[in-house]
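Residues per chain are reported as follows:
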Amino acid sequence: YPNRLLSYDVTGATAVRRTAVEELIQGVSEFAVTADGATVIAATPGEYQFTTKLAAYSTADLAERGRYAAPGSTVSLAVEPDGRMATYSDDRGLAFFSPGRFEPDWLVYRDFAQGLNPAHRGLAIGAAGRLYLATRSSSNSAMNLTTIDAPPDTSPADTTLSFTSPTAPAGPSARPPAPGP
């Protein structure tokens with residue numbers, strides 16, 4: 001993972017670095033920039049195994065604005081233009097944050113796609129707080145997309161799509177016959 005955050009001024013013809021380097025020893029595993037461009041949210045491995053430091057930094061000077069109370073080790077992070085944010089972790093912790101809040105509005109641990117792992121950058125927020133979660137098999141041969149109504153106080157919505165990788169034809173016998181004269 002990259003181990004630094006840099007902020008550049010790109011208003012002129014040449015990009016100019018406007019901040020000092022922020023050294024993040026363990027690296028940045030996931031990040032997002034808010035719609036107004038004022039904040040970058042970065043997930044870095046935490047002090048303890050299977051934890052994440054999920055912090056908001058000013059893009060102007062990389063000053064830390066706050067830390068989110070997110071579960072586990074963040075795999076997916078989604079930020080919407082209105083400031084809503086959601087995270088999904090490798091321990092199946094799903095958290096949803098209102099704009100400007102560092103404590104989750106709700107937090108639930110649930111295996112939304114049993115036997116599948118969270119996909120990196122596989123989380124999106126839709127209308128009315130509905131979440132879209134992508135999961136994958138360990139061999140990446142199967143993907144799953146689940147919609148989750150927020151807050152998920154009941155079972156996930158009954159709209160799950162599953163995908164599998166197509167298999168390649170085997171050997172020359174799988175080729176179509178050559179066209180005739």
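Model, not experiment: these values are computed from the prediction.

Student: It is not clear to me how the pattern of salt bridges should be interpreted in this structure. Could you clarify?
Tutor: Any two side chains of opposite charge can pair, given that their charged atoms come close. Inspection of every chain in the model, using the stated rule, returns 4 salt bridges. One salt bridge in this structure joins arginine 121 and glutamate 30, with 3.1 Å as the shortest N-O distance. In this pair, arginine 121 is assigned in strand β13 (residues 117-125) and glutamate 30 in strand β5 (residues 30-33), connecting sequence segments 91 residues apart. Ionic pairing is found between aspartate 105 and arginine 101, a salt bridge with its closest N-O pair at 3.4 Å.

Student: What is the right way to look at the sheet that holds strand β10 (residues 85-89) in this model?
Tutor: Strands in a sheet are paired, the pairing made by backbone hydrogen bonds, and the direction either parallel or antiparallel. The antiparallel open sheet is built from 4 strands, whose spatial order is β9-β10-β11-β12. Two strands in the sheet have a free side with no partner beyond their single neighbour: β9 (74-79) and β12 (106-109). Strand-to-strand, the axes of this sheet are offset by a mean angle of 10°, without reference to chain direction. Direction of pairing for β10 relative to strand β11 (residues 93-97): antiparallel, over a ladder of 4 bridges. Bridge pairing in β11 links tyrosine 88 to leucine 94.

Definitions and cut-offs
- Each residue is numbered by its place in its chain's sequence as written, counting from 1.
- Reporting of local features is limited, given that this is a predicted model, to residues whose pLDDT is at least 70; pairs of side-chain atoms are given and counted only at 80 or more, and all residues count toward the totals for whole chains, interfaces and linings.
- Calculated side-chain values reflect all of the structure's heavy atoms, with hydrogen atoms and water omitted.
- Should a side-chain nitrogen of Lys or Arg be within 4 Å of a carboxyl oxygen of Asp or Glu, the pair is scored as a salt bridge.
- Each helix is a run of H or I in the DSSP string that is no shorter than four residues. Each strand is a run of E no shorter than two, and both are numbered from the N terminus.
- Between any two strands, at least two bridges found by DSSP are needed for them to pair.
- Simply put, an axis is a line fit to the C-alpha atoms, just over the touching stretch for a helix, and the angle between two N-to-C directions goes from 0 to 180 degrees.

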